[in-house]
Amino acid sequence: MLLDRDLPSQPSQRSIFLVDDESEDVALFRHLHREAGDHHSCVFFSRGEELIDALIAVLRGAPRPVACFLDVKMSGMSGFDVLRWIRCQRGLDDIAVVMLSSSEEPRDLHEALLSGAQCYLAKFPSPHQLREILAEAERVAAAATISAFKLPCNLLLTNSPAGC
């Protein structure tokens, strides 16, 4: 687990979690996050199992992330495996899950939708899109209920998998 310590710390600051097993993708996400000028701290995990350990700590009272970004295809647990685990945990209902993938296969979009993802993005969003995603994640967290992300970059909305 890596904490991005280059970002300013704020007392009530919430974090975002990213799990990706490719160090180059983590470095790109860090760059995009800095370019976006977002105030959330980032916690990076290289395996889905590490993210689950962190979310178990959240269930036990650790600070809650505003969103989890999951790579779809990873060694060990896939992003879909982790997503299904998250959605089975009642205490994590208000955490937005954003799937990140180089795949735009209809079956992957369909699985993300059925498994409870709020958003599915082709790697990687622009800094502007990342700001919009995090603002939407804050809206969902404030509402204390999971709802669909109303973003034009969300492939769950733009490439409706209903016909899969």
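Residues numbered from 1 in each chain as written. Predicted model: local features only at pLDDT ≥ 70, side-chain atom pairs only at ≥ 80, totals over all residues. Heavy atoms only, no water.

Some words on the pairing of strand E3 (residues 41–45)
- Burial of E3 is extensive: 5 of the 5 residues sit out of reach of the surface.
- The alternating pattern of E3 places Ser41, Val43 and Phe45 and Cys42 and Phe44 on opposite faces, both of which are buried.
- As paired strands, strand E2 (residues 15–19) and E3 are joined by 5 bridges and run parallel to one another. Within E3, the position partnered with Phe17 by the bridge is Val43.
- Note that the unit made of E2, helix H1 (residues 23–36) and E3 has a crossover that is right-handed. (Buried < 20%, exposed > 50% of the residue type's maximum accessible area, 1.4 Å probe, protein only. Helix = DSSP H or I, 4+ residues; strand = E, 2+ residues; numbered from the N terminus. Pairing = 2+ DSSP bridges. Right-handed = clockwise from strand over helix to strand, strands pointing away.)

Re unusual backbone geometry
- Cis geometry is adopted by the peptide bond preceding Phe124, which originates at Lys123 and carries an omega value of -5°.
- For Phe124, the location among the structural elements is in the loop between strand E6 (119–122) and helix H5 (127–143).

Looking at the packing of aromatic side chains
- Under the counting rule described, the total for this entry stands at 3 aromatic pairs.
- Measuring from ring centre to ring centre gives 6.3 Å for Phe29 and Phe44, while their planes differ by 80°; the resulting arrangement is edge-to-face. Of this pair, Phe29 sits in helix H1 while Phe44 sits in strand E3, and the two are 15 residues apart along the sequence. Comparing Phe29 with Phe44 shows no difference in burial state: the two are buried.
- Through successive ring pairs, a cluster of aromatic residues spans Phe29, Phe44 and Phe69. (Phe/Tyr/Trp six-rings, centres within 6.5 Å; stacked < 30°, edge-to-face > 60°.)

Structural notes on the packing of helix H2 (residues 48–59) against helix H3 (residues 79–87)
- At a minimum axis separation of 10 Å, H2 and H3 run at an interaxial angle of 15°. Here H2 lies roughly parallel to H3, going by the angle between them. Note that H2 runs across H3; the crossing there is right-handed. Packed against H2, whose contacting residues are Gly48, Leu51, Ile52, Leu55, Ile56 and Leu59, the element H3 presents Val82, Trp85 and Ile86 at the interface.
- Counted by class, the contact of H2 with H3 contains 8 nonpolar, 1 polar and no charged residues. (Axes fitted to C-alpha atoms, helices over the stretch in contact; angles between N-to-C directions. Parallel < 35°, antiparallel > 145°, perpendicular 65-115°, else oblique. Left-handed = near helix turned anticlockwise from the far one by under 90°. Contact = heavy atoms within 4.5 Å. Nonpolar A, V, L, I, M, F, W, Y, C, P; charged D, E, K, R; others polar.)

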